[in-house]
Amino acid sequence: MARLSPAPGTRIPFLLGLFVFFVVNTAVAGEPQRFQFAQGHMGALFRIVLYAPDETLAKKASDAAFARIAQLDGIMSDYKPDSELMLLCQRAGGDPVPVSADLFEVLNQSLVAARRSNGAFDITVGPLVRLWRLTRHNRELPPPTVLARAKELVGYDNVVLDEKDHTVRLLKPGMQLDLGGIGKGFANDKAMAVLKEQGITSALVVAGGEMTASAPPPGREGWTIGIAPLDNPDKAPSLYLLLRDGAISTSGDAEQFVEINGTRYSHILDPKTGLGLTGHSSVTVVAPNGTTSDWLATAVSVMGPEQGLKMVESSLGVAALILQATKDGDKVYESQRWKDVPKTGPKTEKAEPKATGAH
Ligand code: ADP
Ligand code: MG
C-alpha cells in the first residue's frame, strides 16, 4: 500500500517483507524457464517470479500484471490525494458515492473482515494511522484529547455499501479509510489473475510480507517459502514450507514500530485503544487467497493467540503460526491446520534475495 510510501526522495524505511523470504528453483532443461521481475508500488517492492516458455511472453505478462498493480495503487492509495479512496474520504459525511468495481470489492472484503474479527481489523482506523505516523515522527504519544477525537471517527459500522447501486457512504465527516492491512494481498491476487489471463499458470507474486502463488514450479510440490525467526528477521529461516495455489502473509512489528519510553508500538493498531500493539510477535497465515491471508494476519495480530486462533479455525482452508516473544523466550502457537501445511528443508534450492522494501 502506498501507506508505506515515503516522502518523495526518501528511502523506504521498513517493510514487513523482511520477515519472510522465499526460495525458488532454477528450471530443468526442456521445461519452461524461470523469470523474475520487480517494481515498486504501494510503498513496497512487488516481485513476480514466473515460469514461461520464452522471455517475450514472460515480459508481456509481468508488464500487464504490474500495470494492474499500479492501477490498484491509484485506487487504494492513502498517500495519493487524488486516489479514488482519498476522493471518497473527502466526501465523508455526505451522500453515497458511486465507486469502481475494484474499490467496492476491496471495501466489501474489508467489512467482511471487520465483522469476522469483531472490529479487530477495521479499515476506518485511518485517523489513528495518521496519528501513529506523527507519533513515529515526533517520538511522542498523542495527547489523550487528540487520541479520543480520532477514535470517535473509527468504526466500520459507519461505512455503508450499497451492492445494487455500487455506492459507498461514509457516515461521519472526517472519516479516513486505510487499506494498508489488506490492499497488498488484494493487489497480489489481481496481479495473479492477470498472469493467468496471459497464459502463465506457474507464478509467485510477492509484496513485502504478502505472497500469492499459483501452480508450483515445474516438477516441484510447491514454492519454497522461508519463515524468518522472530528475534532477527535477517537470520536464516527456521522453517520452510511449500505453497501452491494459495497465499501466505506475515504481519508483525519487527520492522515497523516506534519506541517510546522503552515501549515498542507496532504499526498494527488496536482500534480499541487507538494505539499500536505493544507485544513483540509475528503472525503468519496461509489462506486460499492473498486478500484473506493479508487481513487475517493483521487481525490475528490484534486479537492475540487465543481469540485469533479461534477465528482461524473457523476460516475455510486457513492455517496460522504465531510467534510471540515472552520474558521466558519465544512462544509458538499453531492452528490445527498448520500441521497439514507441507514443510520442507532449504537443502537443494537456490536462495533468493529477500523480499525487502528497497526500490
Ligand atoms: P504490512 O502491510 O506491513 O505487511 P499488515 O498487513 O499487518 O502489515 O498491515 C498493517 C497496516 O494496516 C498498517 O500500516 C495500517 O495501514 C493498517 N492497519 C493497522 N492496524 C489496523 C487494524 N487494526 N485494522 C485494519 N488495518 C490496520
Ligand atoms: Mg495485513
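Take helix α4 (residues 126-138) next. The terminal C-alpha atoms of α4, which comprises 13 residues, lie 18 Å apart, in line with the 18 Å expected from a rise of 1.5 Å per residue. Among the residues of α4, those classed as buried are G126, P127, L128, V129, L131, W132, R133 and T135. Tucked inside the fold, the buried residues of α4 contact α5 (144-152), β12 (257-260) and β13 (263-266). Positive phi shows up at R139, right after α4, with a value of about 55 degrees.

Bound to the magnesium ion (ligand 2) on the protein side are G181 (O), D294 (O), D294 (OD) and T298 (OG1), at distances that span 2.0 to 2.6 Å. Within one chain, the residues donating to the magnesium ion (ligand 2) are spaced in sequence as G-x112-D-x3-T. Here T298 and D294 lie together in helix α7 (residues 290-313), a separation of 4 residues that amounts to about one turn. We note that D294, like T298, is buried.

Time to look at the side chain of D102. Mapped onto the secondary structure, D102 falls in helix α3 (residues 101-116). Taking the relative accessible area as the measure of exposure, D102 reaches 12% and is therefore buried. Those residues in contact with D102 that lie beyond four places of it in its chain are R68, Q71, L72, I75, F186 and K190.

A few words on the environment of A148. Secondary-structure assignment places A148 in helix α5. Sequence spacing of A148 and G274 is 126 residues, and the spatial spacing of their C-alpha atoms is 8.3 Å.

Before going further, it helps to spend a moment on the packing of aromatic side chains. Across all of its chains, the model carries 2 aromatic pairs by this definition. Seen in terms of ring centroids, Y51 and W223 are 5.9 Å apart; in terms of plane orientation they differ by 55 degrees. Their pairing is tilted. Of this pair, Y51 sits in strand β3 (residues 44-52) while W223 is found in strand β9 (residues 223-227), placing the two residues 172 residues apart along the sequence. Taking relative accessible area as the criterion, Y51 reaches 6% and is therefore assigned buried. Ring centres of F121 and W295 lie 6.1 Å apart, and the angle between their planes is 55 degrees; on these two criteria the pair is classed as tilted. With F121 in the loop between α3 and α4 and W295 in helix α7, the pair connects residues that are 174 residues apart, well separated along the chain. Of the residues examined, F121 reaches a relative accessible area of 4% and is grouped as buried. For W295, a relative accessible area of 4% corresponds to the buried category. Against the face of F257 rests R264, its NZ or CZ located 3.8 Å from the ring centre.

So, on to the pairing of strand β16 (residues 329-334). Relative to β16, strand β15 (residues 319-326) is paired through 6 bridges, and the arrangement is antiparallel. Looking across to β16, one finds that A325 is bridged to D330. Taking the residues that link successive antiparallel strands as the turn, the β15-β16 hairpin has 2 residues.

Further remarks concern the packing of helix α6 (residues 183-197) against α7. Between α6 and α7, whose axes approach to 7 Å, the crossing angle comes to 170 degrees. When the axes of α6 and α7 are compared, the pair comes out roughly antiparallel. Between α6 and α7 the crossing geometry is right-handed. Only G290, T291 and D294 of α7 make contact with α6, whose side of the interface consists of G183, K184, G185, F186 and D189. Each residue belonging to the contact of α6 with α7 can be placed in one class, and the counts come to 1 nonpolar, 4 polar and 3 charged.

This part is about the pattern of salt bridges. Two side chains with opposite charge may pair up if their charged atoms get near one another. Applying the stated criterion across every chain yields a total of 7 salt bridges. When the shortest N-O distance is used, the salt bridge between D165 and K164 registers 3.8 Å. Overall, the relative accessible area of 72% leaves K164 in the exposed class. Note that D245 is salt-bridged to R244, the shortest N-O span being 3.9 Å.

Conventions used here
Residues numbered from 1 in each chain as written. Chains lettered and ligands numbered in written order. Predicted model: local features only at pLDDT ≥ 70, side-chain atom pairs only at ≥ 80, totals over all residues. Heavy atoms only, no water. Helix = DSSP H or I, 4+ residues; strand = E, 2+ residues; numbered from the N terminus. Expected span 1.5 Å × (residues − 1). Buried < 20%, exposed > 50% of the residue type's maximum accessible area, 1.4 Å probe, protein only. Contact = heavy atoms within 4.5 Å. Donors = N, O, S within 2.8 Å, 3.2 Å for Na, K, Ca; no water. Phe/Tyr/Trp six-rings, centres within 6.5 Å; stacked < 30°, edge-to-face > 60°. Lys NZ or Arg CZ within 6 Å of the ring centre and 35° of its normal. Pairing = 2+ DSSP bridges. Axes fitted to C-alpha atoms, helices over the stretch in contact; angles between N-to-C directions. Parallel < 35°, antiparallel > 145°, perpendicular 65-115°, else oblique. Left-handed = near helix turned anticlockwise from the far one by under 90°. Nonpolar A, V, L, I, M, F, W, Y, C, P; charged D, E, K, R; others polar. Salt bridge = Lys/Arg side-chain N within 4 Å of Asp/Glu carboxyl O.

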